Each structure stands twice: as structure tokens, then as C-alpha cells.
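Understanding the architecture of this molecule
Residues per chain are reported as follows:
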Amino acid sequence: MSTWNDPELIARRDGLLATLKGYGRVAVAFSGGVDSTVVAQAAQIALGDMAVAVTAVSDSLAEGELEEARALAERIGIRHRVIRTEEFANPSYVQNGTDRCYFCKSELYGRLSGLLGELGVDVIASGANTDDSGDHRPGMRAASENAVRHPLQECGLGKADVRALAKGWDLPTWDKPATPCLSSRVAYGESVTPERVRMIDQAEQWLRQRGLRMLRVRYHKGDMARIEVPLEDLPRLAAPEVRAELVPVFHALGFKYVTLDLEGFRSGSLNALIPVELLLKPAAMK
């Protein structure tokens, strides 16, 4: 049941619809996460057939994410296209510097820009929200270079607002944990390869099958896995019977060492490896 009983939420919804309507024909970069799903829903309401959701597929996409994106697009009723991106063909992406995301987004937005005519749209829209502005986001530079619009940011909407809108639209992703690409789990400076992201994906899938929802498996030098889960789940993974099952599974996947992070789950923990001077650069330079 929709929850459109908050005047402030209704105003945010109407502002987002008006912003998208002002774009004209729009292609939404659609991962199936809560942010891009809200933008896709709003675009469908505001623009109908003048909106299309485009999902990029590559080795960095976790198992099941494409199927979820397809189901969401069908639920929303928006046109849906799937394209293949080839960021792993770019040595600058594979070497995994702190600007890896720039090369990924350049590949995505570059391909979308080349498809504007075929898709019948004029503008690319992302799911970036205002909470993304203060983090290390080199992909935003790629978005700027390709004239990508950010309707959530333009409307001043943060993550809490986006989740409230998703709940109001009865979207099943309203409480979905963030699911950044698998390459983001590889420590900066360690090469991103299809083999390593598959190791990470299979390890995370194994943990999810055991009821864990919020988690990351980070890859570090020497084929080391660093598992992050919420603090309340740490005792569960450290229990002898679970540990005795988990360690051989991770070794079979290719990890030589298996560690449990005692600080618990936190998004963007690998940013601690980025030199401070890079984080202090103006956002336009990142």
C-alpha cells in the first residue's frame, strides 16, 4: 500500500517528476538499486514511452542482479534495454587505481551517449543522490564529461528521501542494501580481473544463502578475503561450527587467507587506502 500521506514527501515526489519531465526523452542508467529504481519509476510516470531504463552487464555485475533489474523494469512498466560494457578491456581499469570508477563510468556513459539516437532519447540520467556528493566519486567526472543529469541531486534528495519515495511507490528495493559493483571490493592497486570478482561474488552469495544481508567480501593482496558484516553478526561467523564450514569454502574459491573484520560492515571501507591529499581535492578534480 502506498504511503503518500506526508506533504513533504509528496512535494519531493512532484519535484522529481517535474524535473524529469523537463528533460524530455530520457535514458536512465538502471542498475536495479534503490536510487536508479526510483529514477526509473519517476521517469516512467513523468515521461511514459519517452523514458527507457538501460542496464549494463559486465563481469563486475553480481549474480542475480540482471534478473532483478529485469523484474523491476517490468514491474515499473518502463522500456528496458540491456547493453554489454567492456571496462575490463581497459588497462587503466584493470590496474585498479583510486580512479578506477572513472574508467568504468566513462565506458558506461560513453556507450550510452553513442546509443541516444537508437534509444530515441536526448538525455542520460543517473541515480546519484546528494549523499554521494561528499564521498570519493571519480565516476562523477565521467558523468560530467558525458552531460549526464542527476535528477535526485538536482532535487536535493538524499538516500533517506530516496528510500521514502521507493516505499511510497511500493518498490521492493526500498530497503535493499547498497550493491556497488564487485570490482569495488578489490583493494586499490590490486588488479581487477574477472577471476577475482567471481571469487568475491561466489563468496558473498555463499554468505547470503546463510541469511546474512548486509555484507562485503573485500579482496586484499595475497588472495586474502576480509569479511565485513554488521557487528551483531560477528559472533555468528566466529562460531566454531560456522568457521569450520566457511574457511574450506573460501579456500576452494581461491582465497588463501580468510579474515573477519572486527570493525564490522561499513560502506567504502577501502577508501581508507586512498592518500588523504586525493580525498581533499575538489570534487571536480577527482
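Anyway, here's the lowdown on the structure attached to this text. (Residues numbered from 1 in each chain as written. Predicted model: local features only at pLDDT ≥ 70, side-chain atom pairs only at ≥ 80, totals over all residues. Heavy atoms only, no water.)

1. What about the sheet that holds strand β2 (residues 51–57)?
On the basis of which strands lie adjacent, the open sheet formed by 4 strands has the order β3-β2-β1-β4 and parallel pairing. In this open sheet, the two strands that pair with only one neighbour each are β3 (79–84) and β4 (123–125). Neighbour-to-neighbour, the strand axes of the sheet open up by a mean angle of 30°, direction not taken into account. Across 6 bridges, the pairing between β2 and β3 is parallel. Residue pairing for β3: Val-57 is matched across the bridge by Arg-84. Helix α2 (residues 34–47) contacts β1 (26–29), β2 and β4 of the sheet and is inclined by roughly 165° relative to β1. (Pairing = 2+ DSSP bridges. Helix = DSSP H or I, 4+ residues; strand = E, 2+ residues; numbered from the N terminus. Axes fitted to C-alpha atoms, helices over the stretch in contact; angles between N-to-C directions. Contact = heavy atoms within 4.5 Å.)

2. A look at the pairing of strand β6 (residues 224–228)
Remember that side chains alternate between the two faces of the sheet whenever the strand is regular. Counted residue by residue, β6 has 4 buried out of 5 residues, so it is predominantly covered. Pairing between strand β5 (residues 216–220) and β6: 5 bridges, direction antiparallel. Considered in β6, the bridge of His-220 is made with Met-224. Turn length for the β5-β6 hairpin, with the two strands adjacent in sequence and antiparallel, is 3 residues, and the turn residue Gly-222 shows positive phi of about 85°. Note: β6 against strand β7 (residues 257–260), 4 bridges, orientation parallel. Bridge pairing in β7 places Met-224 opposite Tyr-257. (Buried < 20%, exposed > 50% of the residue type's maximum accessible area, 1.4 Å probe, protein only.)

3. Brief notes about the pattern of salt bridges
Under the counting rule described, the total for this entry stands at 25 salt bridges. Among the ionic pairs, Asp-161 bridges to Arg-12, the shortest N-O distance being 3.2 Å. Residue Asp-161 is located in helix α9 (residues 159–168), and its partner Arg-12 is located in helix α1 (residues 7–23); the two are separated by 149 residues in the primary sequence. We classify Asp-161 as buried; its relative accessible area is 18%. Overall, Arg-12 belongs to the partly exposed group, its relative accessible area being 28%. Salt-bridge contacts for Glu-245 lead to Arg-210; the nearest nitrogen and oxygen are separated by 3.4 Å. Of this pair, Glu-245 sits in helix α12 (residues 240–253) while Arg-210 sits in the loop between α10 (194–208) and β5, and the two are 35 residues apart along the sequence. Connected through salt bridges with shared partners, the residues Arg-218, Arg-226, Glu-228, Asp-261, Glu-263 and Arg-266 form a single ionic network. (Salt bridge = Lys/Arg side-chain N within 4 Å of Asp/Glu carboxyl O.)

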